[in-house]
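Take a look at the letters that make up each chain.
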Amino acid sequence: MTPAARLQAAIEILDQVLAGEPAEKALTSWGRRSRFAGSKDRAAVRDHVFDAVRCLRSHAALGGSRSGRGLILGALREAGQDPDEFFTGQGHAPAPLTDAERVQPPAPVGPEALDVPAWLWPEFSASLGDQAEAAALALRRRAPVHLRVNTARGTVEQAVKALAGEGIQTVAHLAAATALEVTEGARKLRNAKPYQNGLVELQDAASQAVTDRLPLKDGMKVLDYCAGGGGKSLAMAARASLQSFAHDADPRRMKDLPERAARAGARVSLVSTSDLDRSGPFDLVLCDVPCSGSGSWRRAPEGKWRLTAEGLADLQRLQGEILRKAAGLVAPDGVLAYATCSMLDGENSAQVQRFIEESPDWQLEGQHGWQVQDGTDGFYVAMLTRAKRGC
Ligand SMILES: C[S@@+](CC[C@H](N)C(=O)[O-])C[C@H]1O[C@@H](n2cnc3c(N)ncnc32)[C@H](O)[C@@H]1O
């Protein structure tokens, strides 16, 4: 495919995304229909689509319309490229620009230029303070590929060497001792031996740092209350010899966990909601709660535009409910850990503060946040224990 034909494919996919189709689904159906597209074409079209979704507001402004054409036109203008070189109408290229499209709108400013939804900017900027602009700009860029070295399978040095042997270059990431950032060859990863045999897992460095902060010791009975695919269950299991349990309100989300655990050499028992009380109490319960995902909008940029004020309020209510339920499963001297991949205070410290105010028998032991402009996804973790009462 020519560069212009790739842009035309991205335009058509973006129109479907703007009509409500998830980007992954739209890309997959385009891939099925487009047998002629080689792997480089597919990767390029994918990048155009996700870049456009990350920068949807500013590119729509620069391109003069919230449409596939508008977004790609805006992207070219931002990159300082001449749209006429691509919008030629020849072969599979986009049709030539209309007179209206030729009129370049003024450059966006403020939250529009930063690609933060207008309604969210007050909360976003209040949460991040003088780092708000840097965080918003970081969310406009592609996320790096991070790996977690599974130390149950080998050392970090062994992983670096094994990956290099398959053409995948990595550097250590400062956020966690087990974290590597892929600098070359990321697309080879899924077929590489160190990935297939469980020496490395795909996991953001801050997600690893969250589990590093948990006070895990051999023999502890640990519950990953919102386990999803089980990334944190596996990271915890690699740190100590635990009795590991995983639960999710939607058990289908955990369907790959047994296979992932086997690949990683870990044992994780799945618990249904109806068996939770019977399986407890636990020395540590981790609640990696559903959240806005604002810390991972580089990877999942549609979330930024689909989130609404009502949706955020619903998520915050659910986070409070989960904390209250999970607290009842923690052993008397145990730890309740609360984590999000968000950078919004309302989901992080303010949520924990509300919980402590409603449940005075709990106290905050420590909390930490990671922000996206520092080279990881945005994350937050808080550790709570039961307050010791004097006699
Ligand atoms: C942020 S994701 C978890 C990601 C996962 N811990 C990981 O590291 O890959 C949140 C999960 O919470 C689950 N969830 C939603 N409501 C829940 C509830 N009331 N109780 C437990 N889990 C819930 C969702 O199905 C989702 O899988």
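Let us look at the structure shown here.

What follows concerns the packing of aromatic side chains. Tallied over the entire structure, the rule returns 4 aromatic pairs. For the pair Phe245 and Phe282, a centre-to-centre distance of 5.5 Å together with 70° between the ring planes defines the contact as edge-to-face. Highlighted residues: Phe245 in strand S6 (residues 243–246) and Phe282 in strand S8 (residues 282–288), separated in sequence by 37 residues. Note on Phe282: relative accessible area 0%, which makes it buried. Measuring from centroid to centroid gives 6.3 Å for Tyr338 and Tyr380, while their planes differ by 70°, and the two rings are edge-to-face. Of this pair, Tyr338 sits in strand S9 (residues 330–340) while Tyr380 sits in strand S11 (residues 379–386), placing them 42 residues apart in sequence. According to the relative accessible area criterion, Tyr338 is buried, its value standing at 0%. Residue class for Tyr380 comes out buried when judged on its relative accessible area of 5%. The ring of Phe282 has Lys221 sitting right over it, with the charged end atom 5.3 Å from the ring centre. Its end group placed over the ring of Tyr195, Arg263 keeps NZ or CZ at 5.2 Å from the ring centre.

Further remarks concern the packing of helix H4 (residues 56–63) against helix H5 (residues 68–78). The interhelical angle for the contact between H4 and H5, taken along N-to-C directions, is 90°, at an axis separation of 7 Å. As the angle between them shows, H4 and H5 are arranged roughly perpendicular. In this structure, H4 uses Leu56, Ser58, His59, Ala60, Leu62 and Gly63 to contact H5, whose residues at the interface are Gly70, Leu71, Leu73, Gly74, Ala75, Arg77 and Glu78.

A few words on the site of the ligand. Around the ligand sit 15 residues, and of these Cys226, Ala227, Lys232, Asp248 and Asp288 come closest. Taking Ala249, its main chain carries an N or O atom lying 3.3 Å from a nitrogen atom of the ligand. Between an oxygen atom of the ligand and a side-chain N or O atom of Arg253, the distance comes to 3.1 Å. Taken by itself the ligand offers 600 Å² of open surface, and the protein chains cover 79% of this. Taken together, the elements giving at least two residues each to the shell around the ligand come down to helix H13 (231–239) and helix H17 (309–327).

What counts and how
Residues numbered from 1 in each chain as written. Predicted model: local features only at pLDDT ≥ 70, side-chain atom pairs only at ≥ 80, totals over all residues. Heavy atoms only, no water. Phe/Tyr/Trp six-rings, centres within 6.5 Å; stacked < 30°, edge-to-face > 60°. Helix = DSSP H or I, 4+ residues; strand = E, 2+ residues; numbered from the N terminus. Buried < 20%, exposed > 50% of the residue type's maximum accessible area, 1.4 Å probe, protein only. Lys NZ or Arg CZ within 6 Å of the ring centre and 35° of its normal. Axes fitted to C-alpha atoms, helices over the stretch in contact; angles between N-to-C directions. Parallel < 35°, antiparallel > 145°, perpendicular 65-115°, else oblique. Contact = heavy atoms within 4.5 Å. Near = heavy atom within 4 Å. Polar contact = N/O pair within 3.5 Å; in protein donor to acceptor, adjacent residues only side chain to side chain. Areas by Shrake-Rupley, 256 points an atom, 1.4 Å probe, with all protein chains shown as cover.

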